[in-house]
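Here's the letter readout for the chains.
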Amino acid sequence: MKNILITGGAGFIGSHVVRLFVNKYPDYHIVNLDKLTYAGNLANLKDIEDRPNYTFVKADICDFDKIQEVFAQYHIDGVIHLAAESHVDRSIKDPFTFARTNVLGTLSLLQAAKQYWNGEWEDKRFYHISTDEVYGALELTHPQGIEPPFTTTASSSEHHLAYGKDFFYEDTKYNPHSPYSASKASSDHFVRAFHDTYGMPTIVTNCSNNYGPYQFPEKLIPLFINNIRHGKPLPVYGKGENVRDWLYVVDHARAIDLIFHKGKIAETYNIGGFNEWKNIDLIKVLIKTVDRLLGNPEGTSDHLITYVTDRAGHDLRYAIDSTKLKNELGWEPSLQFEEGIEKTVRWYLDNQAWMDNITSGEYEKYYEEMYKGR
Ligand code: NAD
Ligand code: TYD
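Keep in mind the model is a prediction, meaning the values are calculated, not measured. What you see as residue numbers is a count from 1 along each chain, following the sequence as written. Ligands are numbered from 1 and chains lettered from A, in the order in which they are written. In keeping with the model being predicted, local features are shown solely for residues with a pLDDT of at least 70 and side-chain atom pairs are shown and tallied solely at 80 or more, while totals for entire chains, interfaces and linings include all residues. The side-chain figures draw on all heavy atoms in the structure; neither hydrogens nor water molecules are used.

Visitor: Residues and numbers for the pattern of salt bridges, please.
Guide: Salt-bridge detection follows one rule: a side-chain nitrogen of Lys or Arg within 4 Å of a carboxyl oxygen of Asp or Glu. Scanning all chains against the criterion turns up 17 salt bridges. Ionic pairing is found between Glu 49 and Lys 46, a salt bridge with its closest N-O pair at 3.1 Å. Whether a residue is buried, partly exposed or exposed follows from its accessible area with a 1.4 Å probe, protein chains only, as a fraction of its type maximum: under 20%, in between, or over 50%, in that order. The exposure class assigned to Glu 49 is partly exposed, which follows from its relative accessible area of 35%. By relative accessible area, which is 55% here, Lys 46 ends up exposed.

Written as structure tokens, this is what we have:
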């Protein structure tokens, strides 16, 4: 495969995937197709934008004619599909946009790939990036945490707890609760249906929460780092008891590279960090790290924690079991969480101009609106 279409490459995870592929595979032509919604930002790819093996196309994945044109123009033989509306809170306010982009946009890509490949599936691949949120929510059966029964590089970090004995496995039944996860679940079904019905060589992966550089500051980690820096309140939903499994974004990009090249057609792989954190514990780590790196005495920003009305339908716990990926393809997270968080906080503090660019203007208005009345 030589001509790879990466959708959503100007977003958070997509930009890391594009960077990795452009740097690692000089023989591939990487076509990054992105609509540049509020979440897409070409500044995320400044370092590679002039590379000869890289092309950017501004387009909407729902624009079927344009997508057909792109397949033909660039002789696409592999797709890594990340473009999506990705924020749960926005999906609660505006579910239609999520159905349109995540469901119809995915269908438009599948249909364009099917028509262009025309039954010649050899050396072709349609790889769809999905989320663990499609599985619904797990119970928090051990609120104090238990030592998990697995070992990975990441779990050798100091924080080494699971908040229940149950995990999401590849065969866990889909049970999405938010309009976001419902739209992603639907798109996953379409991808698998194109394999089962037409024989398209598809792969789906479901990953846990990512963190790292270039994440749009409406998501917990970059939002809170920025708010701590500016002495603004930290809106903790509910009691802060919800649990998420966190993975450093570059480790996700490494997994995508491995699975794109070595994963088995029609398979699903779960990708996770074996790294569960209660929101409130994670927020305390963020406060401590930002204060330390800014040279503030410990405890300076503790008072910023502000408990606000819970998110509607807020999933209690996500926890991925990625043993299949480890056993079959040898992938595991390379970074311990403490190391990943330190790198991440440093990056946001060192790249204030990137943050200021995004948080000024339209976004500021949106943010105020979002938290009004909470
Ligand atoms: P993001 O919101 O940061 O980026 C999404 C990108 O898609 C943006 O560049 C945006 O401009 C583009 N886009 C949106 N609508 C488009 C359209 N109609 N046509 C073309 N481009 C469009 O998202 P992210 O966090 O990088 O997530 C990327 C993918 O990974 C998504 O499919 C998401 O569901 C999945 N995922 C994310 C996480 C996470 O923690 N962020 C975890 C697991 C899976
Ligand atoms: P988020 O980053 O939006 O990811 P997701 O909802 O996809 O897991 O949120 C992570 C967790 O943090 C989630 O439990 C909701 C919570 N949260 C807050 O408590 N306050 C906030 O301002 C945000 C954005 C999230």
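The rest of the description comes next.
Visitor: Please give an account of helix 11 (residues 352-359) that cites residues and values.
Guide: Along helix 11, the positions that sit buried rather than exposed are Gln 352, Trp 354, Met 355, Ile 358 and Thr 359. Summarising the axial view, the buried residues of helix 11 lie within an arc of 160 degrees, below the 170-degree limit, and thus occupy one face. Along helix 11, the residues that are exposed and aim more than 90 degrees away from the buried face are Ala 353 and Asn 357. Secondary structure elements are taken from DSSP: a helix is a run of H or I of four residues or more, a strand is a run of E of two residues or more, and numbering for both begins at the N terminus. It is the directions from the helix axis to the C-beta atoms whose arc is reported.

Visitor: Quick rundown of the sheet that holds strand 11 (residues 276-278)? Include the residues and the values.
Guide: Two strands qualify as a pair provided that DSSP identifies no fewer than 2 bridges between them. Spatially, three strands are ordered 7-9-11 in an open sheet, and the strand pairing comes out mixed. Each edge of the open sheet is held by one strand with a lone partner, namely strand 7 (209-211) and strand 11. Taking the axes of each pair of neighbouring strands and ignoring which way they run, one obtains an average angle of 50 degrees across the sheet. Two elements, strand 9 (residues 243-248) and strand 11, share three bridges in a ladder whose sense is antiparallel. Across the sheet, residue Arg 244 finds its bridge partner in strand 11, namely Trp 277. Should any heavy atoms of two residues lie within 4.5 Å, those residues are considered in contact. Axis definition: a line fit to C-alpha positions, over the contact stretch in the case of helices; interaxial angles, taken between N-to-C directions, run 0 to 180 degrees. Across the sheet, helix 7 (residues 249-262) touches strand 7 and strand 9, and the angle it forms with strand 9 is around 70 degrees.

Visitor: Describe the side chain of Glu 85, with residues and values.
Guide: Mapped onto the elements of the fold, Glu 85 is located in the loop between strand 4 (78-81) and helix 3 (88-93). Asp and Glu count as negative and Lys and Arg as positive, but His and the ends of the chain are not part of the count. The charged side chain of Glu 85 is buried without a salt bridge, its nearest counter-charge being Arg 90 at 5.8 Å. Setting aside its immediate chain neighbours within four residues, Glu 85 contacts Thr 37, Tyr 38, Thr 97, Phe 98, Thr 101, Asn 102 and Tyr 180.

Visitor: Tell me what's going on with the site of ligand 1, and back it up with residues and numbers.
Guide: The rule for a residue being near a molecule or strand is that one of its heavy atoms must lie within 4 Å of it. The immediate surroundings of ligand 1 are formed by 28 residues, with Ile 13, Asp 34, Ser 86, Tyr 180 and Lys 184 found nearest. Backbone polar atom of Phe 12 to an oxygen atom of ligand 1: 3.1 Å apart, as the coordinates give it. Definition of a polar contact: a pair of N or O atoms within 3.5 Å, with one able to donate and the other able to accept a hydrogen when the atoms are protein atoms, and with sequence-neighbouring residues admitted only if both atoms are side-chain atoms. A distance of 3.0 Å is found between a nitrogen atom of ligand 1 and a backbone nitrogen or oxygen belonging to Lys 35. Exposure was quantified through the Shrake-Rupley algorithm and a 1.4 Å probe, taking into account, for residues, occlusion by the shown protein chains and nothing else. Against a free-state accessible area of 840 Å², the protein chains account for coverage of 97% of ligand 1. All amino acids are sorted into three groups, where Ala, Val, Leu, Ile, Met, Phe, Trp, Tyr, Cys and Pro are nonpolar, Asp, Glu, Lys and Arg are charged, and the leftover types, Gly among them, are polar. Residues belonging to the shell around ligand 1 are distributed by class as follows: 13 nonpolar, 11 polar and four charged.

Visitor: Give me the lowdown on the packing of aromatic side chains, citing residues and values where you can.
Guide: Within 6.5 Å between ring centres, the rings of Phe, Tyr and Trp (the latter by its six-membered ring) count as paired, and their orientation is classed by plane angle as stacked under 30 degrees, edge-to-face over 60, tilted in between. For the structure shown, the criterion picks out 20 aromatic pairs. Their ring planes at 55 degrees and their centres at 6.1 Å tell us that Phe 71 and Tyr 116 sit as a pair that is tilted. Here Phe 71, found in helix 2 (residues 64-74), pairs with Tyr 116, found in helix 4 (residues 95-117); they are 45 residues apart in sequence, far enough to count as distant. Judged by its relative accessible area of 0%, Phe 71 is buried. Considering the side-chain rings of Tyr 135 and Tyr 174, the 5.6 Å spacing of their centres and the 90 degrees angle between planes classify their relative orientation as edge-to-face. Residue Tyr 135 is located in the loop between strand 5 (125-131) and helix 5 (179-198), and its partner Tyr 174 is located in the loop between strand 5 and helix 5; the two are separated by 39 residues in the primary sequence. Grouped by ring-pair contacts, the aromatic residues Phe 21, Tyr 25, Tyr 28 and Phe 260 constitute a single cluster.

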